[in-house]
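Residue-level structural notes
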Amino acid sequence: MSELIIRPIRAEDYEAWDPLFHGYCDFYEVESTKDSRRITFDWLLDPAEILEGLVVERDGALIGLAHYREMPRPSRAQKMGFLDDLFVDPAARGGRVGEKIFDALREICRQRGWKMMRWLTQDHNYAARTLYDRVGQKSLFNLYEMTVNG
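A brief structural summary. (Residues numbered from 1 in each chain as written. Predicted model: local features only at pLDDT ≥ 70, side-chain atom pairs only at ≥ 80, totals over all residues. Heavy atoms only, no water.)

A count of helices and strands for the protein gives four helices and five strands. For the protein, the α and β elements follow one another from N to C terminus as β-α-α-β-β-β-α-β-α. Computed over the C-alpha atoms, the radius of gyration of the protein is 16 Å, within 12% of the 15 Å expected from 2.2 N^0.38 for a compact globule of 150 residues. Along the longest, intermediate and shortest principal axes, the C-alpha atoms of the protein span 45 × 40 × 35 Å. Every one of the 150 residues in the protein was classed for burial, and the buried ones make up 40%. By sequence separation, contacts in the protein at least 24 residues apart represent 58% of the contacts at least 6 residues apart. Element-wise, carbon and sulfur atoms account for 51% of the exposed surface of the protein, whose accessible area totals about 10000 Å². Between the averaged position of the 21 positive side-chain charges in the protein and that of its 25 negative side-chain charges there is a distance of 9 Å. (Helix = DSSP H or I, 4+ residues; strand = E, 2+ residues; numbered from the N terminus. Rg over C-alpha atoms; globule rule 2.2 N^0.38 Å. Buried < 20%, exposed > 50% of the residue type's maximum accessible area, 1.4 Å probe, protein only. Contact = heavy atoms within 4.5 Å. Areas by Shrake-Rupley, 256 points an atom, 1.4 Å probe, with all protein chains shown as cover. Lys, Arg positive; Asp, Glu negative; His and termini not counted. Charge placed at Lys NZ, Arg CZ, Asp CG, Glu CD.)

The subject of this paragraph is the sheet that holds strand β1 (residues 4-8). In space, the five strands of this open sheet follow the order β1-β2-β3-β4-β5, with mixed pairing throughout. With one partner strand each, in any of the chains shown, β1 and β5 (117-119) form the two edges of the open sheet. Strand after strand, the sheet turns through a mean of 30° between neighbouring axes, direction not considered. One ladder, built from 10 bridges, connects strand β3 (residues 61-73) with strand β4 (residues 78-88); its direction is antiparallel. By the bridge assignment, His67 is partnered in β4 with Asp85. Of the strands in this sheet, β2 (52-58), β3 and β4 are in contact with helix α1 (residues 14-27), which crosses β3 at around 65°. (Pairing = 2+ DSSP bridges. Axes fitted to C-alpha atoms, helices over the stretch in contact; angles between N-to-C directions.)

Mapped onto the elements, Arg38 comes out in helix α2 (residues 34-45). Looking at Arg38, the relative accessible area reads 33%, which means it is partly exposed. Measuring from C-alpha to C-alpha, the distance between Arg38 and Asp18 comes to 8.0 Å, with 20 residues separating the pair along the chain.

In structure tokens:
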């Protein structure tokens, strides 16, 4: 198997990133348009935005992505990382690509002094949860959300 390169996302990655992020949105049944994906990509490149991205490259092709950001942890007066999105092309799964992404995220946490990274997944995402159980621990918290219209 060829070497994986995990690196920060670059402007020239858009065409290869877009189908990966579209696949992520499809998996979670989130409506995604070309325009909404372009906005997200632009956030990833804008240093004024907190969202950052990594991509996974093999043989010159992108096969995965991770979007993360800094997040305050008020109860500890610390900053931590939050992983918003993680996706590996289904054809590239099974080769520990996800674990290598988490290795890169762990190193980012170390460099920035973040003592923790958190993320969410849906309960039915059993394949990803197998990975998550290897690289982290399930928290005791339940997620709630409040929709605000208008």
